[in-house]
Amino acid sequence: MSQPLNPMKGFIEIEVRDREGRVIQKGRHEMRSFTNNFLKILEGFFNAYGNYPPGYDARPATKTTVVAPDGTSKDAWIEAYFYYAYGVNTYTYSGGVAMATRAGAGVDSYGIVVGSGTAPFNLNDRALATKIAHGTGAGQLSYDPVSLDDLGLDTSVSPPVYRLRLVRGFKNLTSSPITITEVGVFARNYWKHYASVFVDVMFLIARDVLPSSYTVPAGGSATVAVVIEVVMG
Amino acid sequence: MIRAEVVVELDGREVYRGESKSFVQNFGKILFAILNGTGGVPLNYTGSVSSATVQKPDGSTATVHGEYYTTKTDAQSGGGTAMGFNARAGEDAWGILVGSGSDPESPTQYNLKSKIAHGTDPGKLYYDVHTVTSSYSNTSSYVEITRSFINKSSQPVTVREVGLFARNRYQTSAGVEVDVIFMVARDVLPNPVTVNPLGSLLVRYRVVLTT
């Protein structure tokens, strides 16, 4: 039998700065918390076919079920084909994405989202225990856009890893400190054609309660990075 | 915590179970392309939002898309998927494939060393359908994809490697816009497995989540 190996790991890196931009707190923690929603999307990919004839009409051809933050079960599409019935020379604009994370500024429903809860993790988690919302009001943080860096294959470590780095900045524009104790990654499943959006669902794919809290002072900021390492033999 | 296993059964008897340690860099690239999507694009958006470059089994490179909207303006339909594995019976280009090569795994590999093709002739195996099963709980969940192979020839066939191949494909009624097959994992078995005539082989990739 081959040696035990964790094929995918994650790390959360947090850096907190004061209003002058000085680093006042930083840390790195191993993630332990991919959720059942993440596995559901993988199950969808396993089920997807990807070789239907041109003109095929199936909305969707392959789907899976995820649990939204409000606890309701939602269809997440993995493979779909849209057909426009009114004739030729139409614009199709058809397609979608199964698990997007690159949310824009001010969007606190997907991408990296932070919270102040401490409830223990379980695989059925669907939301942060207490989300810190985007905003400038008391208890809120201003959410920057999410970026995802492809750091590529690193063969300098053994075993080699392929590394992705999801990053988001948060600014405290309020007059009081705000404490982060949990970090989540939410994904977006979105499918549309030229006239309609068919699916638009956000769902939690990872959640970690941090072993130590991070306090963002008034006027300060935090940068949260989720580093995903695909481990290769 | 995530684990991945490869299980091999010969004639209904488990002959290998081990940790899969063999994702290749193509998997990292398609994962990037999918996660790098944004969703929420305008209804008239067309083309790619998020893409990556993978290496195809012939060694050439190709662009795959994690988020894509078909572009043909004279088509009646469109759509696709970023990553499909569920190849039908007889399709030996993607899904779970088996081979006879024994070169060690490497993260830059893009193909089996020596694929055993679908067929009923000597040296070939009949590729059956895939099945997908799963189980979910608070503390331990898994999803697995399984494919069986039957030796319908008159000679034994020896398997030494297994691989997982994905298909990235987007199409309209006017034609196929993207169609890329690429390997995402390869495992070399510690001991060769010989499938005798009329014998069957089952290969299972299982991904396990635990708290």
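Thresholds, definitions, all that
- Residues numbered from 1 in each chain as written.
- Chains lettered and ligands numbered in written order.
- Predicted model: local features only at pLDDT ≥ 70, side-chain atom pairs only at ≥ 80, totals over all residues.
- Helix = DSSP H or I, 4+ residues; strand = E, 2+ residues; numbered from the N terminus.
- Rg over C-alpha atoms; globule rule 2.2 N^0.38 Å.
- Buried ≥ 20, exposed ≤ 12 C-beta atoms within 10 Å, placed from the backbone.
- Contact = placed C-beta atoms within 7 Å.
- Pairing = 2+ DSSP bridges.
- Axes fitted to C-alpha atoms, helices over the stretch in contact; angles between N-to-C directions.
- Nonpolar A, V, L, I, M, F, W, Y, C, P; charged D, E, K, R; others polar.
- Core = buried A, V, L, I, M, F, W, Y, C linked by C-beta atoms within 7 Å.
- Expected span 1.5 Å × (residues − 1).

Peer 1: Describe the overall build of chain B, and please don't skip the residues or the numbers.
Peer 2: The number of helices and strands found in chain B is one helix and eleven strands. Listing the helices and strands of chain B from first to last along the sequence gives β-β-α-β-β-β-β-β-β-β-β-β. For 211 residues, the compact-globule estimate of 2.2 N^0.38 gives 17 Å, and chain B sits close to it at 18 Å. Principal axes of the C-alpha set define a box for chain B whose edges measure 55 × 45 × 30 Å. Buried positions account for 51% of the 211 residues belonging to chain B. When contacts within chain B are restricted to residue pairs at least 6 apart in sequence, those whose partners lie at least 24 apart make up 69%.

Peer 1: Residue-level account of the sheet that holds strand β7 (residues 126-135) of chain B, with values.
Peer 2: With respect to topology, five strands assemble into an open sheet ordered β2-β1-β11-β8-β7 (chain B), the strand pairing being antiparallel. Every other strand in the sheet has two partners, leaving β2 (13-19) and β7 of chain B as the edge strands with one partner each. Direction aside, neighbouring strands of the sheet carry axes that sit 15° apart on average. Running at roughly 15° to strand β8 (residues 140-150) of chain B, helix α1 (residues 36-47) of chain A makes contact with β7, β8 and β11 (200-210) of chain B of the sheet.

Peer 1: Before we move on, could you go through the pairing of strand β7 (residues 142-154) of chain A and cite the residues and values that matter?
Peer 2: All names here are of chain A. Two strands pair when backbone bridges link them, and β7 and strand β8 (residues 161-171) are joined in this way by ten bridges, in the antiparallel orientation. Considered in β8, the bridge of Leu 153 is made with Tyr 162. Counting the residues that bridge the hairpin from β7 to β8 gives six residues.

Peer 1: Break down the pairing of β2(B) for me, with residues and values.
Peer 2: All names here are of chain B. Both strand β1 (residues 2-10) and β2 contribute to a ladder of six bridges, which runs antiparallel. Paired with Val 7 across the two strands is Arg 17, which belongs to β2. A loop of two residues connects β1 with β2, the two strands running antiparallel in sequence, and Asp 11 in this loop sits at a positive phi of about 50°.

Peer 1: Run through the environment of A:Tyr214, naming residues and quoting values.
Peer 2: Residue and element names in this part refer to chain A. When you line up the elements, Tyr 214 lands in strand β10 (residues 197-216). Remark: the alpha-carbon pair of Tyr 214 and Pro 145, spanning 69 residues in sequence, is separated by 20 Å. Discounting residues that sit within four places of it in the chain, Tyr 214 has contacts with Ile 14, Val 16, Gln 25, Thr 179, Ile 180 and Ala 222.

Peer 1: Go over the interface of chain A and chain B with me, naming the residues and quoting the values.
Peer 2: Interfaces are often described in size by the accessible area the parts lose on coming together. Opposite the 66 residues of chain A that make contact, chain B presents 72 residues. If one sorts the elements of the side of chain A that touches chain B by residue count, α1(A) sits on top with seven residues. Looking at the side of chain A that touches chain B residue by residue, the classes come out as 39 nonpolar, 18 polar and nine charged. Pairing analysis gives five bridges linking strand β4 (residues 73-83) of chain A to strand β5 (residues 77-84) of chain B, with the strands arranged antiparallel. Across the sheet, residue A:Glu79 finds its bridge partner in β5(B), namely B:Thr81.

Peer 1: Help me get a handle on the nonpolar core, residues and values and all.
Peer 2: Within the largest apolar cluster, 119 residues are counted, with the highest numbers of intra-cluster contacts made by A:Phe203, A:Ile205, A:Val230, B:Ile30, B:Phe182 and B:Val184. If you tally residues by element for this core, the top one is β10(A), at nine residues. Setting aside anything within four residues of it in sequence, one finds A:Val230 in contact with A:Pro7, A:Met8, A:Val161, A:Tyr162, B:Phe23, B:Phe27, B:Gly28 and B:Leu31.

Peer 1: Hey, could you go over helix α1 (residues 25-35) of chain B for me, with residue numbers and the actual values?
Peer 2: Across the eleven residues that make up α1(B), a large majority, eleven, are buried. Those residues of α1(B) that fall on the buried side of the exposure criterion are B:Gln25, B:Asn26, B:Phe27, B:Gly28, B:Lys29, B:Ile30, B:Leu31, B:Phe32, B:Ala33, B:Ile34 and B:Leu35.

Peer 1: Account for unusual backbone geometry, with residues named and values stated.
Peer 2: In the segment running from A:Arg59 into A:Pro60, the intervening peptide bond is cis, with an omega of 0°. At the junction of A:Ser158 and A:Pro159, the peptide bond is cis and its omega measures out at -5° in the coordinates. Tracing the chain through its elements places A:Pro159 in the loop between β7 and β8. One non-glycine residue with positive phi stands out, namely B:Asp11, at about 50°. You will see that B:Leu198, though not glycine, has its phi angle at about 70°, which is positive. With respect to the helices and strands, B:Leu198 occurs in the loop between β10 (175-195) and β11. Residue classification places B:Leu198 among the exposed residues on the basis of 11 C-beta atoms within 10 Å.

Peer 1: Tell me about α1(A), and name the residues and values.
Peer 2: Residue pairs three or four apart in sequence face the same way in an α-helix, which turns once every 3.6 residues. Residues and elements named next belong to chain A. Relative to the 16 Å expected for twelve residues at 1.5 Å per residue, α1 spans 16 Å between its end C-alpha atoms, a close match to the ideal helical length. For α1, a buried count of twelve out of twelve residues is recorded, marking the element as mostly surrounded by other parts of the structure. Of the residues making up α1, those classed as buried are Asn 36, Asn 37, Phe 38, Leu 39, Lys 40, Ile 41, Leu 42, Glu 43, Gly 44, Phe 45, Phe 46 and Asn 47.

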